Amino acid sequence: MEPEFLKDPSSQKERWMILVCKAEKPRIEVYSVKPGEIIRHECAGGKIIEFKVNANLEVEGVEKHHLYRFEDVLNGFIDVSEDPPRVVVPKRS
């Protein structure tokens, strides 16, 4: 599907976040979050890592865990071969 046909479902009270875990092989998870919520991620070996969503709907990553706002990735993709992974938005001609 072409990215321009996708719509960002985020709102002022809720945001969609993409978690990239690179603890072992890259793993992608998507979360709908609200201020004050906790994202619980089960990492390699069953270790649970928690990320707190702040009042501005932002989330900080920790080593080998990277979080991206859905709206920042909407027209591109996350290149997980990079360290840290980076958002790539292809140029349209």
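Source: prediction; values computed, not measured.

Colleague: Outline the pairing of strand β1 (residues 15-21), supporting the account with residue identities and numerical values.
Modeller: Burial within β1 is extensive, with 6 of its 7 residues counted as buried. The hairpin turn running from β1 into strand β2 (residues 27-33), its antiparallel successor, is 5 residues long. Direction of pairing for β1 relative to strand β5 (residues 65-69): antiparallel, over a ladder of 5 bridges. Bridging from a neighbouring strand, Val20 pairs with His66 of β5.

Colleague: I'd like a rundown of unusual backbone geometry, residues and numbers included.
Modeller: Apart from glycine, the bulk of residues carry a negative phi angle, and the bulk of peptide bonds sit in the trans form. The omega angle of the peptide bond from Asp83 to Pro84 is 5°, so this bond is cis rather than trans. Here Pro84 shows up in the loop between β6 (77-79) and β7 (86-88). At Leu57, a residue that is not glycine, the phi angle is positive and equals roughly 60°. Note on placement: Leu57 falls in the loop between β4 (48-52) and β5. The class of Leu57 is buried, set by a relative accessible area of 6%.

Rules of the game
- Residues numbered from 1 in each chain as written.
- Predicted model: local features only at pLDDT ≥ 70, side-chain atom pairs only at ≥ 80, totals over all residues.
- Heavy atoms only, no water.
- Buried < 20%, exposed > 50% of the residue type's maximum accessible area, 1.4 Å probe, protein only.
- Helix = DSSP H or I, 4+ residues; strand = E, 2+ residues; numbered from the N terminus.
- Pairing = 2+ DSSP bridges.

By themselves, these are just geometric observations and shouldn't be taken as functional.
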